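In case you want the letters, here they are:
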Amino acid sequence: MVSAESIRAGFGGRFGGEPSVVVRAPGRVNLIGEHTDYCGLPVLPIAIDRATFIAAAPTADGILRATSAAFPAQAEIARSAPRHQSEPWHQYLSGALHELAAVAPGRGANLFIDGDLPAGGGLSSSSALTVGVISALAAAWGSPLEPVEAARLATTAERHAGAETGGMDQQAIALGRAGNALRIEFLPPAVRYVPLPEGLAFVVAYSGQDAPKGGSVRDAYNERVVGTRIAALMLADMLGVELEGTPLLGNVAGIDAASVMVVELPDQMAPRNAANAVEANVERVIQFATSHFDSARKVPVKRYAQHVLSEAERVDAAEVALAAGDLKTFGRLLNESHDSLRNDCRCSTPALDKVAAAMRKSGAFGARLTGAGFGGYAVAACPPAKVQAVVEAAVAATGGPAFEVTASDGLSFA
Ligand code: NG1
């Protein structure tokens, strides 16, 4: 088992001496509110009892050296030129260095990274790494950050790594609280803790397929970001609403007519055509990480918007169900979320469908894919007495791993 002691020993074995800082950055499981954060609409995740640990010590030579127990290839990145990493996990280190450029310039650091948080998609191992590294480096360089600030910098750092991430994962990791889910809002930013009722346990199960953000999944994810921005632009135009900056469905979701007008959206549209249609600058749709996106590429619009607007309503209903201890309703909402992700957002896979169905059948209140989808993990909500049966059903369906997770505290110094 990985602990603060084992990570200190690992650091000593690799670099010699003691780390000056050890950070624990937990993973997260999103209970409901999928593909909504980048639309400015709420999410309901928990931080979990699996984490990535980062041991750090400052050096004087301006080089970041990092070894991971889980990933190959030691990183050696000059602070003066942190870009262009070919190894996917090095991209997150490079993004972290970019965000910390103004902190103790010229200094370097040695990092040893280990943990029990599986990579593979859905449990936020990339964000745990990024939030943890930013927090560890800032502390090692004498400028410790508030967790919420580490989350903010990590969100931008991950966008530099190529996915136009919405910011849920980094905040859940930074601000998680044992026994609670977090309702995270973005327009305007706010976090509210939602106590989890008695009689509710969570199991996560691997689908058997990796969904790496550094590869093909990045493009599929960004396509959904672009499709929902086109939807926001078109809906605002139909409703006669002026949107500033990035068009987000969250800016129109509160308008009653929006959920009616959504059926009028085109099935598919290219960003360039959408911008022309409403006389907007196409840069508002394609920006930042998605700037590599081909503005002439047609993307689904209506069904992505239908998923997002219905999912935002399910987040509200799920919070009410948790407050009332109505776990049947909570489970039904998870199932409906999965169906919408499969049918409208189109980000499920046969393996995710299979493992979610197996967990439901074995006594879960409900089950759904968690995270971006395309592989990775599913989550089930179940009575504590059913945890074993749900784990066994999941392993039988896809080969596992599957295990219970509990809502835990966020980022901490160990
Ligand atoms: P995962 O697949 O867990 O990395 C991603 C995004 C989230 C959110 C979900 C979909 C990153 C780092 N995270 O989560 O912000 O948009 O997909 O709800 O890109």
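Refer to the structure presented above.
The rules behind the values
Residues numbered from 1 in each chain as written. Predicted model: local features only at pLDDT ≥ 70, side-chain atom pairs only at ≥ 80, totals over all residues. Heavy atoms only, no water. Helix = DSSP H or I, 4+ residues; strand = E, 2+ residues; numbered from the N terminus. Expected span 1.5 Å × (residues − 1). Buried < 20%, exposed > 50% of the residue type's maximum accessible area, 1.4 Å probe, protein only. Near = heavy atom within 4 Å. Polar contact = N/O pair within 3.5 Å; in protein donor to acceptor, adjacent residues only side chain to side chain. Areas by Shrake-Rupley, 256 points an atom, 1.4 Å probe, with all protein chains shown as cover. Pairing = 2+ DSSP bridges. Phe/Tyr/Trp six-rings, centres within 6.5 Å; stacked < 30°, edge-to-face > 60°. Lys NZ or Arg CZ within 6 Å of the ring centre and 35° of its normal. Axes fitted to C-alpha atoms, helices over the stretch in contact; angles between N-to-C directions. Contact = heavy atoms within 4.5 Å. Parallel < 35°, antiparallel > 145°, perpendicular 65-115°, else oblique. Left-handed = near helix turned anticlockwise from the far one by under 90°. Nonpolar A, V, L, I, M, F, W, Y, C, P; charged D, E, K, R; others polar. Disulfide = S-S within 2.5 Å.

So, on to helix H9 (residues 302-324). Compared with an ideal rise of 1.5 Å per residue, which puts 23 residues at 33 Å, H9 spans 33 Å between its outermost C-alpha atoms and is within 8% of the ideal. Positive phi shows up at Gly325, right after H9, with a value of about 65°.

What follows is about the environment of Tyr221. Relative to the elements of secondary structure, Tyr221 occurs in helix H6 (residues 216-239). With a relative accessible area of 7%, Tyr221 lands in the buried category. Between the C-alpha atom of Tyr221 and that of Glu164, which follows or precedes it by 57 residues, the distance is 8.0 Å.

This paragraph deals with the site of the ligand. Around the ligand, the surrounding shell holds 18 residues, and the nearest of these are Arg28, Glu34, His35, Asp37 and Tyr221. Here an oxygen atom of the ligand sits 2.6 Å away from a polar atom, N or O, in the side chain of Asp37. Between the ligand and the protein, one listed contact pairs a nitrogen atom with a side-chain N or O atom of Asp169 at 2.8 Å. In the complex, 97% of the free accessible area of the ligand, which totals 440 Å², lies under the protein chains.

Moving on to helix H10 (residues 327-345). With 19 residues, H10 ought to run about 27 Å at 1.5 Å a step, and its terminal C-alpha atoms sit 25 Å apart, in line with that. Turning to H10, its buried residues are Leu327, Phe330, Gly331, Leu333, Leu334, Asn335, Ser337, His338, Ser340, Leu341 and Cys345. The first or second residue beyond H10 is Arg346, which carries a positive phi of 55°.

Once that is clear, we can look at the sheet that holds strand E5 (residues 108-115). Pairing between sheet strands relies on hydrogen bonds along the backbone, with the strands arranged either parallel or antiparallel. Read from one edge to the other, the open sheet built from 6 strands follows the order E4-E3-E5-E2-E1-E14, with strand pairing classed as mixed. The two strands at the open ends of the sheet, each matched to only one other strand, are strand E4 (75-78) and strand E14 (412-413). Strand direction decides the pairing type here: strand E2 (residues 44-59) and E5, joined by 8 bridges, are antiparallel. If you follow Phe53 over to E5, its bridge partner there is Asp114.

The tally for this structure, following the rule as stated, stands at 5 aromatic pairs. Here Tyr38 and Tyr221 contribute two aromatic rings whose centre-to-centre distance is 5.4 Å and whose plane-to-plane angle is 75°, an arrangement assigned as edge-to-face. Placement of Tyr38 in the loop between strand E1 (21-32) and E2 and of Tyr221 in helix H6 is noted, with a sequence separation of 183 residues between them. The same class applies to Tyr38 as to Tyr221, namely buried. Each ring, one from Tyr206 and one from Tyr377, has its centre 5.3 Å from the other, and the planes form 45°; the classification is tilted. In this pair, Tyr206 sits in strand E8 (residues 201-206) while Tyr377 sits in strand E12 (residues 377-382), placing the two residues 171 residues apart along the sequence. Its relative accessible area of 13% is what places Tyr206 among the buried residues. Through pairs of rings, three or more aromatic residues link up here, namely Tyr206, Tyr377 and Phe403. Across the ring face of Phe15, the terminal group of Arg14 is positioned such that the distance to the ring centre comes to 4.6 Å. When the ring centre of Phe403 is taken as origin, the NZ or CZ atom of Arg50, which lies over that ring, is 3.8 Å away.

So, about the sheet that holds E8. Taken together, 4 strands build an open sheet; the order of strands is E11-E12-E8-E13 and the sheet is antiparallel. The open sheet has two edge strands with one neighbour each: strand E11 (366-369) and strand E13 (402-405). Taking each pair of neighbouring strands and ignoring which way they run, the sheet shows an average axis angle of 25°. Two elements, E8 and E12, share 6 bridges in a ladder whose sense is antiparallel. By the bridge assignment for E12, Tyr206 is matched with Tyr377. Set on the sheet, H10 makes contact with E8, E11 and E12; between it and E11 the angle comes to about 30°.

Attention now goes to the packing of helix H4 (residues 147-160) against helix H5 (residues 168-175). Between H4 and H5, the shortest axis-to-axis distance is 8 Å and the interhelical angle comes to 155°. As summarised for this structure, H4 and H5 are arranged roughly antiparallel, according to the angle between their axes. Seen along the crossing, H4 lies across H5 with a hand that is right-handed. Contacts between H4 and H5 involve Pro147, Val148, Ala151, Ala154, Thr155 and Glu158 from the former and Gln170, Gln171, Ala174 and Leu175 from the latter. Considered class by class, the residues forming the contact of H4 with H5 number 6 nonpolar, 3 polar and 1 charged.

Next up on the list: the state of the cysteines. This structure, assessed with the given rule, holds 0 disulfides. With no disulfide of its own, Cys345 lies 3.9 Å from the sulfur of Cys347, the closest cysteine sulfur.

Tracing the backbone shows Gln170 in helix H5. Note: C-alpha distance between Gln170 and Val252 (82 residues apart in sequence) is 25 Å. Every residue in contact with Gln170, bar those within four places of it in the chain, is listed here: Ser127, Val131, Ala151, Ala154, Thr155, Glu158 and Thr165. A distance of 3.0 Å separates polar atoms of two side chains, one belonging to Gln170 and the other to Glu158.

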